[in-house]
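# Architecture at a glance
One letter stands for each residue in the lines below.
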Amino acid sequence: MRAMILKEFRELRRDKRTMAMLIMLPIVLLVIFGYAANFTIDELHTQVIGPGAEQVADQLPDLFVVDATLPEATTQDAKDMLRDNEADVVIDTTTAPPTAYVDGSSLFAAQTAVGAFNAVPDEQLKVEVLYNPDLTTAWVMVPALIGLILTFIGTIITSIGLVKERQNGTLEQLAVMPLKPSDVIVGKIAPYFILASVDMLVVTLLGIWIFDVPFNGNPFEFALGAAIFLFVVLGIGVLISTASQTQAQAIQLAIMILLPQILLSGFIFPLSAMPAAISWIGYCLPLTYFVQISQGIMLRGAGLDSLWPAFVVLALMAVVIFSAAVLRFRRDLAPSARRSHKEASA
């Protein structure tokens, strides 16, 4: 038994990736997620409109950070600001009493704002929550879950499938065929793209049906955002497969990439509640931008005119990650091609 235990320790020592996961990953997760696990909102971005904007802005507590006072703006302008995610709260002084419009699609910010406004008598302030009037958690979670499911399929399932083909020798057969690496990758990820698209459609329809989640925006814009995001995560899956020799290694890398996507993308913990040193990681993750797109289109009915930054970032990620996947895949195909030619000549 002692010999067996020593043998396993020697095997672990040679497997540097597993050792890194066993020793370094828990420390990194503890530090990063310890700071990220925070539901407390310290600042609410606020705009005040109407003739009494300046007076009301001066009376607001420090929780409400007033970004602008717009005396000439109308009630419709206030609702448009929330729809376009320009503010968490807009206080409209054109009504009597003033009305505080709260963006319900940002759940924790809305709960914080409503809690603060509850201390104000109704005759002094009216509170209206838009896009999620009852502050239902499912309404916010379902659009984000769609992105999480796409991420799961794109990273874990795709990487495992491609590594399995390498182990079965399929890549060596592709290496001798007159195909470019980009053609090979597109051919390999096409089935996963179709399956993930079907999953996205099913989850979206079930979320609307079971949880009464609204779909207020343009479905074609939603589909466009999902397609770009899916190209990103499929590219990540291909990259994982090129860095893994076994399916176990692919799963390890996929989990290391999947965990930050869940916890640092605003999917669970709001980015605005994280320290700046942690939140910047979230802004490097593709799921962050798909959550912005899905919640914006489904709940607020936002369009490309306000969501274009998220679309652009995802498109840039798709180009960079897909290009890197092609280069890595070409490197993997080259040795296989040389081996196949040597075997054929022999």
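Everything here concerns the structure above.
Thresholds applied
- Residues numbered from 1 in each chain as written.
- Predicted model: local features only at pLDDT ≥ 70, side-chain atom pairs only at ≥ 80, totals over all residues.
- Heavy atoms only, no water.
- Axes fitted to C-alpha atoms, helices over the stretch in contact; angles between N-to-C directions.
- Helix = DSSP H or I, 4+ residues; strand = E, 2+ residues; numbered from the N terminus.
- Parallel < 35°, antiparallel > 145°, perpendicular 65-115°, else oblique.
- Left-handed = near helix turned anticlockwise from the far one by under 90°.
- Contact = heavy atoms within 4.5 Å.
- Nonpolar A, V, L, I, M, F, W, Y, C, P; charged D, E, K, R; others polar.
- Buried < 20%, exposed > 50% of the residue type's maximum accessible area, 1.4 Å probe, protein only.
- Pairing = 2+ DSSP bridges.
- Right-handed = clockwise from strand over helix to strand, strands pointing away.
- Phe/Tyr/Trp six-rings, centres within 6.5 Å; stacked < 30°, edge-to-face > 60°.
- Core = buried A, V, L, I, M, F, W, Y, C linked by side-chain atoms within 4.5 Å.

### Describing the packing of helix α6 (residues 137-167) against helix α12 (residues 286-300)
Orientation of α6 relative to α12, taken along the N-to-C sense of each, is 140°, at an axis distance of 9 Å. The angle between α6 and α12 falls in the class oblique. Note that α6 runs across α12; the crossing there is right-handed. Between α6 and α12, the residues in contact are Trp139, Val140, Pro143, Ala144, Ile146, Gly147, Leu148, Leu150 and Thr151 and Leu287, Phe290, Val291, Ser294, Gln295, Met298 and Leu299, respectively. Residue classes in the contact of α6 with α12 are distributed as twelve nonpolar, four polar and no charged.

### Section: the pairing of strand β4 (residues 99-103)
Consecutive residues of a regular strand have side chains that alternate between opposite faces of the sheet. By the criterion of burial, β4 is predominantly enclosed, with five of the five residues buried. Residues Thr99, Tyr101 and Asp103 point to one face of β4 and Ala100 and Val102 to the other, with burial holding for every one of them. Bridge count between strand β3 (residues 89-92) and β4: four bridges; the pairing is antiparallel. Bridging across to β4, isoleucine 91 finds its partner in alanine 100. If you look at the hairpin formed by β3 and β4, you'll find six residues sitting between the two strands. In the sheet, β4 pairs with strand β5 (residues 126-130) via five bridges, with the strands oriented parallel. Pairing of aspartate 103 across the sheet is with leucine 130, part of β5. Viewed along the sheet, the connection from β4 through helix α5 (residues 107-117) into β5 turns out right-handed.

### Quick word on the sheet that holds β3
Read across the open sheet, the five strands follow the order β2-β1-β3-β4-β5; overall the sheet is mixed. Of all the strands in the sheet, just β2 (64-70) and β5 have a single pairing partner and so form its edges. Put simply, the sheet's adjacent strands are angled 25° from each other on average, direction ignored. Pairing geometry for strand β1 (residues 44-49) and β3, over four bridges, is parallel. Residue isoleucine 49 lies in a different strand from β3, and its bridge partner there is aspartate 92. Of the strands in this sheet, β1, β2, β3, β4 and β5 touch helix α4 (residues 75-83), which is tilted by about 20° from β4. Against the sheet, α5 makes contact with β1, β2, β3, β4 and β5, and its axis sits at roughly 155° relative to β4, the strand it touches most.

### Observations regarding the environment of isoleucine 153
Structurally, the position occupied by isoleucine 153 is in helix α6. Classification of isoleucine 153 by relative accessible area gives buried; the value is 9%. Separated by 39 residues in sequence, isoleucine 153 and tyrosine 192 have C-alpha atoms that sit 7.4 Å apart. Excluding its chain neighbours within four sequence positions, the residues that come into contact with isoleucine 153 are Thr158, Tyr192, Ala196 and Asp199.

### What about the packing of aromatic side chains?
For the structure on display, the rule yields seven aromatic pairs. Relative to phenylalanine 117, the ring of phenylalanine 64 has its centre 4.9 Å away and its plane inclined at 25°; by these criteria the two rings are stacked. Of this pair, phenylalanine 64 sits in strand β2 while phenylalanine 117 is found in helix α5, placing the two residues 53 residues apart along the sequence. One exposure class covers both phenylalanine 64 and phenylalanine 117, and it is buried. A ring pair is formed by phenylalanine 215 and phenylalanine 222, whose centres lie 5.4 Å apart and whose planes are at 80°; its orientation type is edge-to-face. Residue classification places phenylalanine 222 among the buried residues on the basis of a relative accessible area of 4%.

### So, the nonpolar core
In this structure, Ile91, Phe117, Leu150 and Leu314 are the most contacted members of the largest nonpolar core, which totals 85 residues. Here this core gets twelve residues from one element, more than from any other, and that element is α6. Here phenylalanine 117 is in contact with Phe64, Val89, Ile91, Ala100, Val102, Leu125 and Val127, once residues within four sequence places are set aside. Formed by ten residues, the second largest nonpolar core is a distinct cluster that contains Leu82, Ala87, Tyr101 and Tyr131.

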